[in-house]
Amino acid sequence: MAHCSSSLLPAPCATLNGTMQRPAFFFSPFGLVLAAAICSHALVAQGLVRGSGHAEDRAAAAYARAVKQGPVALRAFLDPFPKGADLHVHLSGAVYAETFIHDAAEDGVCVDAAALKFAPPPCTGGLIPAAQLSGNLSSADQALYDKLIDAFSMRSFEPTLGWSGHDQFFATFARFDGLSASHIGEWVDEVAGRAAAQNQQYLELMQTPPFSHARQTAARIGWSPQLAAADLRAFAQLRQQLLDSGLRDEVAAGRAQVQQAEAQRRLLERCGAPRAASACRVEVRYIYQLLRANAPEDVFAQALLGFETVSASRAANDDLWVGINLVQPEDGYVSMRDYTLQMKIIGYLHSIYPDVPISLHAGELVMGLVPPEGLRFHIRQAVELAHAQRIGHGVDVADEDDAPGLLKEMAARHIMVEINLSSNEGILGVNGARHPFPVYRADKVPVALSTDDEGVSRIDLTHEFVRAAIDYNLSYSDLKRLARTSLEHSFLPGKSLWLRPDDFQAAAQPCRSDTPGAQKPSPACAAYLGGSEKAAAQWELERRFSAFDSLF
Ligand SMILES: [Zn+2]
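Residues numbered from 1 in each chain as written. Predicted model: local features only at pLDDT ≥ 70, side-chain atom pairs only at ≥ 80, totals over all residues.

1. Observations concerning the overall build of the protein
The criterion, for reference: Helix and strand assignments follow DSSP, with helices taken as H or I runs no shorter than four residues and strands as E runs no shorter than two, numbered in order from the N terminus. It is over C-alpha atoms that the radius of gyration is taken, and the globule rule equals 2.2 Å times the number of residues to the power 0.38. A pair of residues counts as a contact when their C-beta atoms, built from backbone coordinates, are separated by no more than 7 Å.
A count of helical and extended segments in the protein gives 24 helices and 15 strands. Here the C-alpha radius of gyration of the protein, 24 Å, is about what a compact globule of 552 residues would show, namely 24 Å. If one aligns the C-alpha atoms of the protein with their principal axes, the spans along those axes are about 70 × 60 × 45 Å. In the protein, once contacts between residues fewer than 6 apart in sequence are set aside, the share between residues at least 24 apart is 75%.

2. A look at the sheet that holds strand β9 (residues 321-327)
For clarity, the threshold we go by: Pairing between two strands is assigned when DSSP locates at least 2 bridges connecting them. Helix axes are fitted to C-alpha atoms over the stretch in contact, other axes to C-alpha atoms as well, and angles between N-to-C directions run from 0 to 180 degrees.
Strand order in this open sheet of four strands is β3-β7-β8-β9, and the pairing throughout is parallel. Of all the strands in the sheet, the pair left with one neighbour each is β3 (84-90) and β9. Along the sheet, successive strands turn relative to each other by an average axial angle of 25 degrees, direction set aside. Bridge count between strand β8 (residues 283-291) and β9: six bridges; the pairing is parallel. Its bridge partner being in β9, Ile287 is matched across the sheet by Gly323.

3. Remarks on the packing of helix α5 (residues 97-107) against helix α6 (residues 139-151)
Stated formally: These descriptions rest on fixed angle ranges, namely under 35 degrees for roughly parallel, over 145 for roughly antiparallel, 65 to 115 for roughly perpendicular, and the rest for oblique. With the far helix as reference, a near helix turned anticlockwise by less than a right angle produces a left-handed crossing, and one turned clockwise produces a right-handed crossing. We call Asp, Glu, Lys and Arg charged. Ala, Val, Leu, Ile, Met, Phe, Trp, Tyr, Cys and Pro are nonpolar, and the rest, Gly among them, are polar.
It is the contact of α5 with α6, at a shortest axis distance of 9 Å, that shows an interaxial angle of 120 degrees. If you check the angle between α5 and α6, you find them oblique. Handedness of the crossing formed by α5 with α6: right-handed. Note on element contacts: α6 touches α5 through Tyr145, Leu148 and Ile149, opposite Ala97, Glu98 and Ile101. Its residues placed into classes, the contact of α5 with α6 shows five nonpolar, no polar and one charged.

4. Topic: the nonpolar core
Nonpolar side chains tend toward joint burial in soluble globular proteins. Let me state the cut-off plainly: For our purposes the nonpolar core covers buried Ala, Val, Leu, Ile, Met, Phe, Trp, Tyr and Cys residues that link as a set through C-beta atoms within 7 Å. The exposure scheme places C-beta atoms from the backbone and then counts, for each residue, the other C-beta atoms within 10 Å of its own, assigning buried at 20 or more, exposed at 12 or fewer, and partly exposed in between.
One finds Val191, Leu203 and Leu205 to be the most contacted residues of the largest nonpolar core, which totals 134 residues. In this structure Leu203 touches Ala85, Asp86, Val89, Val191, Ala192, Ala195, Val282 and Val284, once residues within four positions along its chain are discounted. One finds Met154, Leu365, Ile427 and Val456 within the second-largest nonpolar core, a separate group that totals nine residues.

5. Digging into the pairing of β9
What counts here: The crossover handedness rule: strands pointing away from the viewer, path from first strand over the helix to second strand clockwise, crossover right-handed.
Among the seven residues of β9, seven are classified as buried, and the element is accordingly described as predominantly covered. In the classification by handedness, the crossover that spans β8, the intervening helix α13 (residues 296-315) and the parallel β9 is right-handed.

6. Points about the sheet that holds strand β6 (residues 128-129)
Ordered in space as β5-β4-β6, the three strands form an open sheet in which the pairing is antiparallel. Strands with a single pairing partner mark the edges of an open sheet, and in this sheet they are β5 (117-119) and β6. Across two bridges, the pairing between strand β4 (residues 110-112) and β6 is antiparallel. Paired with Cys110 across the strands is Pro129, a residue of β6.

7. Topic: the pairing of strand β12 (residues 416-419)
Residues Met416 and Glu418 point to one face of β12 and Val417 and Ile419 to the other, with burial holding for every one of them. Bridging between strand β11 (residues 390-393) and β12 involves three bridges; their strand directions are parallel. Bridging from a neighbouring strand, Arg390 pairs with Met416 of β12. At this point the chain moves from β11, through helix α17 (residues 403-413), to the parallel β12, and the crossover so formed is right-handed. Both β12 and strand β13 (residues 447-449) contribute to a ladder of three bridges, which runs parallel. Of the residues in β13, the one forming a bridge with Val417 is Val447.

8. Here we look at the packing of helix α9 (residues 212-221) against α13
At a closest axis distance of 9 Å, the pairing of α9 and α13 adopts a crossing angle of 135 degrees. As summarised for this structure, α9 and α13 are arranged oblique, according to the angle between their axes. Crossing geometry of α9 relative to α13 is assigned as right-handed. Taken together, the residues of α13 that come into contact with α9 (itself represented by Ala214, Arg215, Thr217, Ala218, Ala219 and Ile221) are Glu297, Asp298, Phe300, Ala301, Gln302 and Leu305. Across the contact of α9 with α13, the residue classes tally to seven nonpolar, two polar and three charged.

9. Here we look at the environment of Asp244
With respect to the helices and strands, the residue Asp244 is situated in helix α11 (residues 232-244). Taking the C-alpha atoms as reference points, Asp244 and His350, separated by 106 residues in sequence, lie 20 Å from one another.

10. Observations regarding the confidence of the model for the protein
Worth spelling out the cut-off: One number per residue, pLDDT, summarises how confident the predictor is, and it ranges from 0 to 100.
For the protein, per-residue confidence averages 91 on the pLDDT scale, and 90% of positions sit at 70 or higher. Ignoring residues within four places in sequence, the model shows residues 1-52, a span with pLDDT below 50, making 105 contacts including any to other chains.

11. A few points about the environment of Pro122
The topology assignment puts Pro122 in the loop between β5 and β6. For Pro122 and Cys110, which are twelve residues apart along the polypeptide, the C-alpha to C-alpha distance reads 7.4 Å.

12. Some points on α9
Using the following cut-off: Working definition: the arc comes from the directions between the helix axis and the C-beta atoms, pointing outward to the latter.
Inspection of α9 places Ala214, Thr217 and Ala218 among the buried residues, and these make up the whole buried set. Looking straight down α9, one finds its buried side chains confined to an arc of 100 degrees; they lie on one side. Exposed side chains of α9 directed beyond 90 degrees from the buried face belong to Ser212 and Arg220. Contacts made by the buried residues of α9 are with α11, α12 (249-268) and α13. Residue Gly222 follows α9 closely and has a positive phi angle near 85 degrees.

13. Focus: unusual backbone geometry
Outside of glycine, negative phi angles account for most residues, and trans bonds account for most peptide bonds. With omega at 5 degrees, the peptide bond leading from Pro121 into Pro122 counts as cis. Notably, Ser156 is not glycine yet its phi reads approximately 65 degrees, a positive angle. Checked against the element boundaries, Ser156 lands in the loop between α6 and α7 (165-175). The backbone of His393 shows a phi angle near 85 degrees, a positive value even though the residue is not glycine. Structurally, His393 can be placed in strand β11.

14. A few points about the environment of Ala398
Mapped onto the elements, Ala398 comes out in the loop between β11 and α17. Its 15 C-beta neighbours within 10 Å are what place Ala398 among the partly exposed residues. Taking the C-alpha atoms as reference points, Ala398 and Leu375, 23 residues apart in sequence, are found 8.9 Å from one another. Filtering out sequence-adjacent residues up to four positions away, Ala398 remains in contact with Ala403, Pro436 and Val439.

Below, the structure written as structure tokens:
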């Protein structure tokens, strides 16, 4: 039987053979909960999960005690807390440096020990085989291994004259570049495994598939003053020229890349077999990542390819690609110069492909990084011109023209902000009271916590929950709201479980008389959950909340 206590940590559950094990969870993307938490099975049998009345109060009291004890106790409390989704994750930035070094050894890649980066073989002229950094390392190799991990991340980083956290953060990506795409499935497995260990159930991973053909075609067609002026007829003409030149050829490559990655990670995780890894229970979808530092014709062609890929994925019902985003430093020269043009390109493509969800990095800026005039319009244009449903970062919101009006608009339109606290501190030096997280919350703009680049930042999502809980004095129900908001604004297909957006009080009509998360939904509610992946995921989150609360 299960042992529940009011101590800080959920008590482990005794399994049938007597071994102790932490709660584990199952999630079916098709709407029906397949199985309950190993621990909560026993709890349900005892009538403790549902109808216990005060389980949530006891969990909230345990949370308050953990907060009082400090970040170590809080970490232990929050590690198994159900966190819903991480919606802002760059796959390459989420993998830890140790994995990349291991993969470089497998690929026969070399290490440039002076520049602290990977280099293609042959490993001559002072280049060291990465394979030398595996197995029994000499002390010299250990020193290089340590330096390489530092160079691939924010570990041990201290800003120096002319080299800021921003510079270090963005420089890492080119240093660990050059590994075989055959590792993508392993990387997804790593990130999903980490998510499962922290009781997350859903990830949207940003990834850039091949687009060289689109790029070459765009370069051949070129750019014109009409296009630079965002003339809609010129946009339409360019789109047609690109399609006529075979732009859709690369749609298949993009779809195949994530299909193979999913197949590979499910194989690694033994999904569907006995003793399947817990990572199998993490649903993964992909956001098509466009590069904003490229020339406008490149951005247009890649954006078109992204919208086409997501549309094709949806039409084929595989739903692996669920949205698009623009990445690379927002303060870069081209990003700043072309910002409005890029928003108009995305806005135009939105008019052609209105069903393709859009999340945009906007306002990942701070006073001093760019001139003050550059802080005045990025978030608003992402919302109003590009029709972003979610904003990544949104750090400079207070510097926008009519910031109160913008916040009001975002709240009214339910534009969610993906909050990346550690990333913002590392790149922008913004933290604590200088971060707009409490402003968004006070103005009822939906917010959820995300990791951005957990491998580069050397963090995980629990770290972000601990940080938010302490820095912003969050209540237990605030934490649940963050997790619920993440799934509410996920790009999973289907309607929400909830009657009103961002109001997690009443369920939608077919589930109105059900208790969200209950083991057996009513037939009407079960049918509703069966028809909506999003509602099913939200139901599962409620079930996890009940199971977690009942452990106290
Ligand atoms: Zn990001």
